[in-house]
Amino acid sequence: MDHNIDETDRRILRQLQTDTTPSLDSLAERVSLSRNACWRRIRRLEEAGVIRERVAHLDAARLGLGLSVLILIRAGAHDPSWLAKFQTVVAAMPEIQGAHRMTGELDYVLRVRVRDVADYDRFYKALISRVQMADISASFVMEDIKDTTALPI
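Attention in this report is confined to the structure presented alongside it. (Residues numbered from 1 in each chain as written. Predicted model: local features only at pLDDT ≥ 70, side-chain atom pairs only at ≥ 80, totals over all residues. Heavy atoms only, no water.)

Concerning the sheet that holds strand β4 (residues 133-140)
Ordered in space as β2-β3-β1-β4, the 4 strands form an open sheet in which the pairing is antiparallel. If you trace the sheet from one side to the other, it starts and ends with β2 (96-101) and β4, each paired once. Averaged over all pairs of adjacent strands, the angle between their axes in this sheet comes to 20 degrees, without regard to strand direction. Of the strand pairs in this sheet, strand β1 (residues 67-75) and strand β3 (residues 108-114) are connected by 7 bridges, and their pairing is antiparallel. Considered in β3, the bridge of Leu70 is made with Arg111. Where helix α4 (residues 80-92) meets the sheet, its contacts fall on β1, β2, β3 and β4, and the angle it forms with β3 comes to roughly 20 degrees. Taken strand by strand, helix α5 (residues 117-130) contacts β1, β2, β3 and β4, and its axis lies near 165 degrees from that of β4. (Pairing = 2+ DSSP bridges. Helix = DSSP H or I, 4+ residues; strand = E, 2+ residues; numbered from the N terminus. Axes fitted to C-alpha atoms, helices over the stretch in contact; angles between N-to-C directions. Contact = heavy atoms within 4.5 Å.)

Structural data, given as structure tokens:
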């Protein structure tokens, strides 16, 4: 799809990554397009799956979810049934914000958001009771130096 995205599309996407709340008229003006031309481009980008969703980014700490945890996992097995179970467990646990299959010595990295260490302990016990893992370790995030969803377009 990248070859169909021109500089005008990129200007629209850069604006939308920053803030989706401005009116269509305001956005069109910022990217030097008519309202209708801007709307058509946004619709095309949505239909192509370039724009997947428009969401609000919430302040986790203000919502009582002040602890961010990175969990490093070595799989309990390397077969399709283990992977299917792991994927089901990950999908069912709302504390997991991201799950990534990795190359190298680790198999998976999970990005988890919980209230505090006691809440992490509850989460940890629930996770290990649902799927067998060869090894699991966690690191608590002390400070978010950069945390963004914006892509470098």
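Comments concerning the nonpolar core
If you look at the biggest cluster of nonpolar residues, it comprises 22 residues, and the most contacted ones within it are Ile71, Ile73, Phe86, Leu110, Val112, Phe123 and Leu127. For this core, the leading source of residues is β1, giving 5 residues. Dropping the residues within four chain positions of it, Ile73 is found in contact with Phe86, Leu106, Asp107, Tyr108, Leu110, Met133, Asp135 and Ile136. Counting 12 residues, the second largest nonpolar core, distinct from the first, contains Ile5, Leu27, Val31 and Leu45. (Core = buried A, V, L, I, M, F, W, Y, C linked by side-chain atoms within 4.5 Å. Buried < 20%, exposed > 50% of the residue type's maximum accessible area, 1.4 Å probe, protein only.)

A word on the pattern of salt bridges
As a working rule, side chains carrying opposite charge can pair if their charged atoms are close by. Scanning the entire structure with this criterion turns up 15 salt bridges. With its nearest N and O atoms 2.5 Å apart, the salt bridge here joins Asp9 to Arg44. Here Asp9, found in helix α1 (residues 7-18), pairs with Arg44, found in helix α3 (residues 35-47); they are 35 residues apart in sequence, far enough to count as distant. The partner of Arg74 in a salt bridge is Asp135, with the nearest N and O atoms 3.1 Å apart. (Salt bridge = Lys/Arg side-chain N within 4 Å of Asp/Glu carboxyl O.)

Looking at the pairing of β1
Remember that side chains alternate between the two faces of the sheet whenever the strand is regular. Judged from the 7 bridges that link them, β1 and β4 form a sheet pairing that is antiparallel. Within β4, the position partnered with Val69 by the bridge is Phe140.

Quick look at the packing of aromatic side chains
According to the stated counting rule, one finds 6 aromatic pairs in the structure shown. Judged by centre distance (5.8 Å) and plane angle (40 degrees), the rings of Trp82 and Tyr108 are tilted. Of this pair, Trp82 sits in helix α4 while Tyr108 sits in strand β3, placing them 26 residues apart in sequence. Taken individually, Trp82 and Tyr108 each receive the classification buried, so the pair is uniform in this respect. A centroid spacing of 4.5 Å and a plane angle of 45 degrees characterise the contact between Phe86 and Tyr108, whose relative ring orientation is tilted. On the criterion of sequence distance, the pair formed by Phe86 in helix α4 and Tyr108 in strand β3 is long-range, its members being 22 residues apart. Of the two residues, Phe86 and Tyr108, neither departs from the other in class, the shared state being buried. (Phe/Tyr/Trp six-rings, centres within 6.5 Å; stacked < 30°, edge-to-face > 60°.)

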